[in-house]
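Read off the chains here:
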Amino acid sequence: MIGKLRYRITIEGETTTAGEGGVLITTWQPVATVWAHIAPLRGQELFEAMQLVNKVSHRVMVRYQKALESIVSGHRIRWQDGLHERVFNITASLADNRHEWIILECQEVIQ
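Note that the coordinates shown come from a computational prediction; the quantities given were computed from them, not determined experimentally.

Cut-off values and rules
Per chain, residues are indexed from 1 in the order of the written sequence. Totals for whole chains, interfaces and linings use every residue, but because this is a predicted model, local features are given only for residues with pLDDT of at least 70 and side-chain atom pairs only at 80 or more, for both listing and counting. To obtain the side-chain values, all non-hydrogen atoms of the structure were included, while hydrogens and water were left out. Going along the chain from the N terminus, every DSSP run of H or I of four or more residues is numbered as a helix, and every run of E of two or more is numbered as a strand. Each residue is placed in one exposure class: buried if its accessible area under a 1.4 Å probe, protein chains only, is under 20% of its type's maximum, exposed if it is over 50%, and partly exposed if it falls in between. Methods summary: accessible areas were calculated by the Shrake-Rupley approach with a probe of 1.4 Å, and residue burial reflects only the protein chains presented. Whether two strands pair depends on DSSP finding at least two bridges between them.

*Asks:* Would you mind going over the overall build of the chain with me for this structure?
*Replies:* When helices and strands are tallied, the chain shows one helix and six strands. The order of helices and strands in the chain, counted from the N terminus, is β-β-α-β-β-β-β. Expressed as a percentage of the 111 residues in the chain, the buried residues total 32%. Surface exposure of the chain reaches about 7,200 Å², of which carbon and sulfur atoms provide 53%.

*Asks:* What is the right way to look at the pairing of strand β5 (residues 84–95) in this model?
*Replies:* Pairing between strand β4 (residues 76–81) and β5: six bridges, direction antiparallel. If you follow D81 over to β5, its bridge partner there is H84. Joining the antiparallel neighbours β4 and β5 is a turn of two residues, in which G82 adopts a positive phi near 65°. Pairing geometry for β5 and strand β6 (residues 101–109), over eight bridges, is antiparallel. The residue bridging N89 from the neighbouring strand is Q107, located in β6. Here β5 hands over to β6 after five residues, with H99 in that stretch at a positive phi of 55°.

Below you can see the structure in the form of structure tokens.
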């Protein structure tokens, strides 16, 4: 599986700050930059994932790190795919029982 970790991704968390006049400003801050395996879900995988979490289009796997346990829905992934930047909203985060992998169920944001 390590050979499939060929995509460098940045996991981002949403930050809200008060701007001028008390207006809330939302920005995305990097939480971690890691190597990942990104795969679109197809057929039965997609059907099963949609039963658990609505609107799942991709599964992203990263090596387990204690710091990544706090990744939850509401975070997002930013990935530079050649000339194009792609963004995925994380809908679910699961660590395997052996703490080797963190599996992120995601929905790609079409811009």
